[in-house]
Amino acid sequence: MARGQTRFGKFALGSIPRVVGTVSQAETLVQLAAVTNRDCDIVEIRLDLIGPNTPRWVEHAQAIEARGLPVVVTIRLAEEGGQWKQPDEERLPLFETALRDLTAVDIELRSPILKEVSALASRHECALIVSYHDFKQTPPVEDLRKVMAAAANFGSVVKIVTFTKTDEDVAILRTLLHEKSSTPLCVMGMGPLGPQTRVKFPKLGSCLAYGYLDTPVAPNQVPASDLMQQLKTPQ
């Protein structure tokens, strides 16, 4: 396996797995800005859940980064499992704000504004996660290889998440971790067999492991603190 690396705040992402703690409530964002707890390596702010009108969300995010935790801002579309139901282009100013002031953003491969956000990330020299979700199934490996290649054209990190119902689904996702890639790759499953992939796949080369800091935002998601314990404890 050969895979590239990229800068993600203070990290060289792609060398060892990093735990992402997802924030979906405004209260959690305020708390994180004021404490030094380390239940994750990277904080993901789900702005579609917290709300873009949350007072001082950028300042709170900057305070989190000042304490040593890179921040990635996600504004997930409703059709991709999120709560953003406004026109897609209205996310663009929010992405630009995040890329100007923070470490990274996450945008869907199928988003109509992907090219513009990719250009903004390059201009601000920030990391860009290009994500693909399938909440119904795990597509054939040939299809997912095409997803990897397409996402790598625009982002510095490729994220693939599918619904895993069978051992064959898990095996398909595992195959991706043995593929050559010019960018770091994050792969995980949702559904009944999802939790095992969130621990096992980072040990096989998946660059990010996602857990929640307040409430789950994906089916069968586990706490970030559990992932930290399982992935950071010497075996």
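All figures in this text were calculated on a predicted structure; none of them were measured in a lab.

Draft legend 1. Region of the structure containing the packing of aromatic side chains. Tallied over the entire structure, the rule returns 0 aromatic pairs. The positively charged end of Lys159 is found above the aromatic ring belonging to Tyr210, 3.9 Å away from the centroid.

Draft legend 2. Broad picture of the pairing of strand β7 (residues 127–134). When you tally the buried positions in β7, you get 8 out of 8 residues, the bulk of the element. Inspection of the sheet shows strand β6 (residues 104–108) paired to β7 by 5 bridges, in the parallel sense. Each bridged residue has a counterpart across the sheet, and for Ala104 the counterpart in β7 is Ala127. At this point the chain moves from β6, through helix α5 (residues 114–124), to the parallel β7, and the crossover so formed is right-handed. Bridge count between β7 and strand β8 (residues 157–163): 6 bridges; the pairing is parallel. Bridge pairing links Ile129 to Val157 in β8. What joins β7 to β8 is helix α6 (residues 141–152), and the crossover it makes is right-handed.

Draft legend 3. Broad picture of unusual backbone geometry. Positive phi outside glycine occurs at Arg56, with the angle close to 60°. Along the chain, the position of Arg56 falls in the loop between α2 (47–50) and α3 (57–66). Among the residues examined, Arg56 registers a relative accessible area of 52% and is labelled exposed. One non-glycine residue, Glu125, lies in the positive phi region at around 55°. Position of Glu125 among the secondary structure elements: in the loop between α5 and β7.

Draft legend 4. Here's a closer look at the nonpolar core. Grouped together as the largest cluster of nonpolar side chains are 60 residues, with contacts concentrated most on Val43, Val73, Ile160 and Leu176. The element that contributes the greatest number of residues to this core is α6, accounting for 5 residues. Counting residues in hydrophobic clusters, the runner-up holds 18 residues, among them Ala104, Val161, Met190 and Leu208.

Draft legend 5. Region of interest: the packing of α6 against helix α7 (residues 167–176). Relative orientation of the contacting elements α6 and α7 amounts to 40°, with a least axis distance of 10 Å. Of the two elements, α6 crosses α7, and the hand of that crossing is right-handed. Two secondary-structure elements touch here, α6 through Val141, Leu144, Arg145 and Met148 and α7 through Ile172, Leu173, Thr175 and Leu176.

What counts as what
- Residues numbered from 1 in each chain as written.
- Predicted model: local features only at pLDDT ≥ 70, side-chain atom pairs only at ≥ 80, totals over all residues.
- Heavy atoms only, no water.
- Phe/Tyr/Trp six-rings, centres within 6.5 Å; stacked < 30°, edge-to-face > 60°.
- Lys NZ or Arg CZ within 6 Å of the ring centre and 35° of its normal.
- Buried < 20%, exposed > 50% of the residue type's maximum accessible area, 1.4 Å probe, protein only.
- Helix = DSSP H or I, 4+ residues; strand = E, 2+ residues; numbered from the N terminus.
- Pairing = 2+ DSSP bridges.
- Right-handed = clockwise from strand over helix to strand, strands pointing away.
- Core = buried A, V, L, I, M, F, W, Y, C linked by side-chain atoms within 4.5 Å.
- Axes fitted to C-alpha atoms, helices over the stretch in contact; angles between N-to-C directions.
- Left-handed = near helix turned anticlockwise from the far one by under 90°.
- Contact = heavy atoms within 4.5 Å.

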